[in-house]
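What follows is the residue order along each chain.
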Amino acid sequence: MSKDRKESEYILETEATRVRVLSEALPYIQKFAGRTIVIKYGGAAMKDSTLKEYVIRDIVFLASVGVRPVVVHGGGPEINTWLTKLGIEPQFKDGLRVTDAATMDVVEMVLVGRVNKELVAMVNNAGGKAVGICGKDGNLVQARSVDREKVGFVGEVLSVDSSLVESLVESGYVPIISSVAADNTGQAHNINADTIAGEVAAALNAEKLILLTDTPGILRDYKDPSTLLYKLSIQDARDLIDEGVVGGGMIPKVNCCVRSLAQGVKAAHIIDGRIPHALLLEIFTDDGIGSMIVP
């Protein structure tokens, strides 16, 4: 067989695969068109530049086929880098960043100014239309202190007014939300991005909440990826926490999923952001790739 023929057959095969994959995605695209999907973006998928590009492309892909993505992001590692540059020692207590006034300034500058706008630029660059906001904009999130004495300006969500996000989505924009919000005196607070994602998903009555993490999902044995639990109910998730199967940093993630489902979100997913195109694999394939919690 001539080299040219061999090449053209290979090209046809690649094209055929691409078309088949698109065709298989059609029922999912039809199912989720016009529906809102809230994505919590963080972890390795945010640090690794190749993965970052994939996530951004996936978000633009979703928007292009009529799905309505809303992105919520953190930025822990970048905050630490800047605190160190400015000679401020990062401190944690019970997994929460101790946030004094000086740290809060840096958190706000890094999350709202730097990380947020970088993601906005990347989405725009990939052909989307993104707008970056934080919890302060349009009173999107009202914060209250968790424990001022102990951890400083670390907040939790008191209430959500999603009208700004809704108008952006209606106008065809992808809202990119950083996890900083003000309390009733106007004081800025640093809030866990998973929590904001869950509460915003509930307020928007989202179809899905997807948390990109650095684990394959919820594992029955956290050392063994083959023990991944693909589908759980709210009750299963609560039982796993009580049994101690879900522990450490996974507890707040699972709790945040459970809370959003209890408030009307249709499905919550904890997926491995270290896998290229994890978002599309989860949304547009039969098996998905992580753990799905349903009401």
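The structure under discussion appears in the preceding block.
Below you will find a few notes about this structure. (Residues numbered from 1 in each chain as written. Predicted model: local features only at pLDDT ≥ 70, side-chain atom pairs only at ≥ 80, totals over all residues. Heavy atoms only, no water.)

### Quick notes on the packing of helix α9 (residues 234–243) against helix α10 (residues 250–262)
How two helices pack is summed up by the angle between their axes together with the distance between the axes.
So, point 1. Look at α9 against α10: their axes get within 10 Å of each other, and the N-to-C directions meet at 155°. One way to sum up the angle between α9 and α10 is to call them roughly antiparallel. The two elements α9 and α10 meet at a crossing, and its hand is left-handed. Across the interface between the two elements, Ile234, Ala237, Arg238 and Ile241 from α9 touch Ile251, Val254, Asn255, Val258, Leu261 and Ala262 from α10.
So, point 2. Class assignment for the residues of the contact of α9 with α10 results in eight nonpolar, one polar and one charged. (Axes fitted to C-alpha atoms, helices over the stretch in contact; angles between N-to-C directions. Helix = DSSP H or I, 4+ residues; strand = E, 2+ residues; numbered from the N terminus. Parallel < 35°, antiparallel > 145°, perpendicular 65-115°, else oblique. Left-handed = near helix turned anticlockwise from the far one by under 90°. Contact = heavy atoms within 4.5 Å. Nonpolar A, V, L, I, M, F, W, Y, C, P; charged D, E, K, R; others polar.)

### Looking at the packing of aromatic side chains
So, point 1. Within the structure shown, the criterion is met by one aromatic pair.
So, point 2. On the basis of an interplanar angle of 65° and a centroid distance of 5.9 Å, the ring pair of phenylalanine 61 and phenylalanine 284 is categorised as edge-to-face. Pair noted here: phenylalanine 61 is in helix α3 (residues 49–64) and phenylalanine 284 is in helix α11 (residues 278–284), with a separation of 223 residues, a long-range link.
So, point 3. Stacked on the ring of tyrosine 173, the Lys or Arg lysine 129 has its end atom at 4.6 Å from the ring centre. (Phe/Tyr/Trp six-rings, centres within 6.5 Å; stacked < 30°, edge-to-face > 60°. Lys NZ or Arg CZ within 6 Å of the ring centre and 35° of its normal.)

### Digging into the side chain of histidine 73
So, point 1. As for its placement among the helices and strands, histidine 73 is situated in strand β2 (residues 68–73).
So, point 2. Taking relative accessible area as the criterion, histidine 73 reaches 0% and is therefore assigned buried.
So, point 3. Only 3.2 Å separates the side chain of histidine 73 from the side chain of asparagine 116, close enough to count as a polar contact.
So, point 4. Each residue touching histidine 73, except ones within four places of it in the same chain, is listed here: Tyr41, Met46, Leu111, Val115, Asn116, Leu119, Ile176, Ile177, Ser178, Ser179 and Ala193. (Buried < 20%, exposed > 50% of the residue type's maximum accessible area, 1.4 Å probe, protein only. Polar contact = N/O pair within 3.5 Å; in protein donor to acceptor, adjacent residues only side chain to side chain.)

### Comments concerning α9
So, point 1. Every buried residue of α9 is accounted for by Ile234, Ala237 and Leu240. Along α9, the residues classed as buried sweep out an arc of 125° about the axis, all on the same side. For α9, the exposed residues lying more than 90 degrees away from the buried face are Asp242 and Glu243.
So, point 2. Buried positions along α9 lie against β12 (231–233), α10 and β14 (291–294).
So, point 3. Looking one or two residues past α9, glycine 244 carries a phi angle of roughly 80°, positive in sign. (Arc of directions from axis to C-beta.)

### Section: the sheet that holds strand β11 (residues 208–213)
So, point 1. One open sheet accounts for eight strands, arranged β5-β8-β2-β1-β11-β13-β14-β12; its pairing is mixed. In the strand order of this sheet, the two ends are held by β5 (130–134) and β12, each with one partner. Each strand of the sheet is rotated relative to its neighbour by a mean of 20°, with strand direction disregarded.
So, point 2. Of the pairings in the sheet, the one linking strand β1 (residues 36–41) to β2 comprises six bridges and is parallel in character. Paired with isoleucine 39 across the strands is valine 71, a residue of β2.
So, point 3. Each of β12 and β14 touches α9; the most contacted strand, β12, lies at about 90° to it. (Pairing = 2+ DSSP bridges.)

### Some points on unusual backbone geometry
So, point 1. The residue asparagine 139 is not glycine, and still its phi comes out positive at about 50°.
So, point 2. Residue placement: asparagine 139 occurs in the loop between β5 and β6 (141–145).
So, point 3. The residue histidine 277 is not glycine, and still its phi comes out positive at about 60°.
So, point 4. Residue placement: histidine 277 occurs in the loop between β13 (267–272) and α11.

### Here's the deal with the environment of alanine 102
So, point 1. Examined against the element boundaries, alanine 102 turns out to sit in helix α5 (residues 101–125).
So, point 2. The partly exposed category is assigned to alanine 102, whose relative accessible area is 39%.
So, point 3. In sequence terms alanine 102 and aspartate 183 are 81 residues apart; their C-alpha atoms lie 17 Å from each other.

### Structural notes on the pattern of salt bridges
So, point 1. Evaluation of the coordinates by the stated rule reveals 13 salt bridges.
So, point 2. Aspartate 194 serves as the salt-bridge partner of lysine 40, at 3.0 Å between the closest nitrogen and oxygen. Here aspartate 194 lies in helix α8 (residues 193–203) and lysine 40 lies in strand β1, a separation of 154 residues in the sequence. Side by side, lysine 40 and aspartate 194 carry an identical accessibility label, which is buried.
So, point 3. Residue aspartate 183 pairs with arginine 148 through a salt bridge whose shortest N-O separation is 3.6 Å. Here arginine 148 lies in helix α6 (residues 148–151) and aspartate 183 lies in the loop between β9 (180–182) and β10 (188–191), a separation of 35 residues in the sequence.
So, point 4. Take aspartate 183: its relative accessible area is 11%, and that puts it in the buried class.
So, point 5. Salt bridges sharing common partners tie together Lys40, Asp194 and Lys253. (Salt bridge = Lys/Arg side-chain N within 4 Å of Asp/Glu carboxyl O.)

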